[in-house]
Amino acid sequence: MTLNIIPSGQSCGAHITGIDLTRPLAPDTVAAIRAAWLDHHVLAFPHQKMSDDDLERFTQYFGSFGDDPFIKPIPGRSHVIAVKRRADETSPLFAENWHSDWSFQARPPAGTCLFGITIPPVGGNTDFSNQHSALDAMPDVLRAKIEGRNAVHSARGGYAPSGMYGTGDPKGPGGRSMDIRSGDEALATQTHPFIRQHPETGREGLFGCAGYIMGIEGMDDAEALPFLYELLQWQGREEFRYSHVWEPDMLILWDNRSVLHRATGGYDGHDRLLHRTTIAAWEG
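About the thresholds
- Residues numbered from 1 in each chain as written.
- Predicted model: local features only at pLDDT ≥ 70, side-chain atom pairs only at ≥ 80, totals over all residues.
- Heavy atoms only, no water.
- Buried < 20%, exposed > 50% of the residue type's maximum accessible area, 1.4 Å probe, protein only.
- Helix = DSSP H or I, 4+ residues; strand = E, 2+ residues; numbered from the N terminus.
- Contact = heavy atoms within 4.5 Å.
- Polar contact = N/O pair within 3.5 Å; in protein donor to acceptor, adjacent residues only side chain to side chain.
- Pairing = 2+ DSSP bridges.
- Axes fitted to C-alpha atoms, helices over the stretch in contact; angles between N-to-C directions.
- 1 Å grid on protein atoms, 1.4 Å probe; cavity = no way out; pocket = protein on both sides within 12 Å on 5 of 7 lines; lining within 4 Å.
- Points joined across faces, edges and corners; volume = space filled by probe spheres on them.
- Nonpolar A, V, L, I, M, F, W, Y, C, P; charged D, E, K, R; others polar.
- Core = buried A, V, L, I, M, F, W, Y, C linked by side-chain atoms within 4.5 Å.

**Considering helix 2 (residues 52-60)**
Moving on, step 1. Taken together, the buried positions of helix 2 are occupied by D52, D54, L55, E56, F58 and T59.
Moving on, step 2. In the core, the buried residues of helix 2 are packed alongside helix 1 (27-40), strand 3 (42-45), strand 5 (111-118), strand 13 (251-255) and strand 15 (272-279).
Moving on, step 3. At the N-terminal boundary of helix 2, the capping side chain belongs to S51, with an oxygen 3.3 Å from the backbone nitrogen of D53.

This is how it looks when you write it as structure tokens:
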């Protein structure tokens, strides 16, 4: 296979053609995809008629499966979850705030795969923000506030019983269609440095943002929360973004160590369904 890599022209992202992901890949092809992934951070593979078996096989080229703690997998699978929204759904949009997947874990997933099955004719882009570029361009005065500091991550804002997807999140007709399971384990906290070296490239970048970051180690909330808001505004600036436009039968692979992402709406009245896997932290 000959890979054709077409950069998005934005801060990150590339389309890859000339490959069939419904067939096993040779090791040199996997190595070429990984190199492109590390370079562009978000890869899109259009025109792939993939099954869940194909999705799982592709995921495992890049590592073992990650742990998805609060979303039940689809029937018959242990590692595939459905990211879905019915045409009549009125619940707040899932994952609409900037985040890095499961950053509250001790070893957050290295990457995420998302395959488009039912794609609305309008809206529903997935936005990405390049956190290497965000750090490179960060003013010295802002960087000085986070240099050497740890952020306190937690799932409580989303997945605790009192969180956005907790006991008050409506189910049933018009309610949320995703099978989200909240629990008290979401109250746990985990610290990670604000600035981390990418474990494969060594390049420094910002990691995580408000949403899963609940505070700053050694700083009281009165000081930390306004700063976290200021940092969030910087991390999501337009010049660091790539807005991904979906098509049916398209797979995207992104690097949670390099980018933030968020869902966007604009497709009310249309069904949307994607299948997702995560890739465990890189072991080297």
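**Some remarks on the sheet that holds strand 12 (residues 241-244)**
As a general point, the strands of a sheet are linked pairwise by backbone hydrogen bonds and lie either parallel or antiparallel.
Moving on, step 1. Strands sit in the order 12-6-14 across an open sheet of three strands; the sheet is antiparallel. In this open sheet, the two strands that pair with only one neighbour each are strand 12 and strand 14 (259-263). Across this sheet, the average inter-strand angle for adjacent strands is 20°, counted without regard to direction.
Moving on, step 2. Where strand 6 (residues 126-130) meets strand 14, five bridges bridge the pair, whose relative direction is antiparallel.

**Examining empty space enclosed by the protein**
Moving on, step 1. Per the counting criterion, the structure on display carries two cavities of 30 Å³ or more.
Moving on, step 2. Considering the residues around the largest cavity, the lining is formed by V83, K84, R85, E89, L93, F94, R176, M178, A263, Y267 and R272.
Moving on, step 3. The biggest single contributor to the lining of the largest cavity is strand 4 (residues 81-85), with three residues.
Moving on, step 4. Classifying every residue of the lining of the largest cavity gives six nonpolar, no polar and five charged.
Moving on, step 5. In this structure, the second largest cavity encloses a volume near 40 Å³.
Moving on, step 6. Taken together, R196, Q197, H198, P199, G205, L206, F207 and R257 form the lining of the second largest cavity.
Moving on, step 7. For the lining of the second largest cavity, the secondary-structure elements that each account for two or more residues are strand 9 (195-197) and strand 10 (204-206).
Moving on, step 8. The residue inventory of the lining of the second largest cavity, partitioned by class, reads three nonpolar, three polar and two charged.

**Side note on the pairing of strand 1 (residues 4-7)**
Moving on, step 1. In terms of strand pairing, strand 1 meets strand 2 (residues 14-17) through four bridges, oriented antiparallel. In the sheet register, I6 faces strand 2, and the bridge partner there is H15.
Moving on, step 2. In textbook terms, the turn of a hairpin is the stretch between consecutive antiparallel strands, and for strand 1 and strand 2 this stretch comprises six residues, one of which, G9, has a positive phi near 85°.

**Some thoughts on the nonpolar core**
Moving on, step 1. Counting residues in each nonpolar core, the largest one holds 29 residues, and the members touching the most others are I71, F94, F128, Y159 and I252.
Moving on, step 2. Of all elements in the fold, only strand 3, strand 4 and strand 13 reach the threshold of two or more residues within this core.
Moving on, step 3. Excluding anything up to four places from it in sequence, I71 contacts I81, F94, W102, Y159, M178, D179 and I180.
Moving on, step 4. Counting residues in hydrophobic clusters, the runner-up holds 24 residues, among them V30, F45, I74 and L253.

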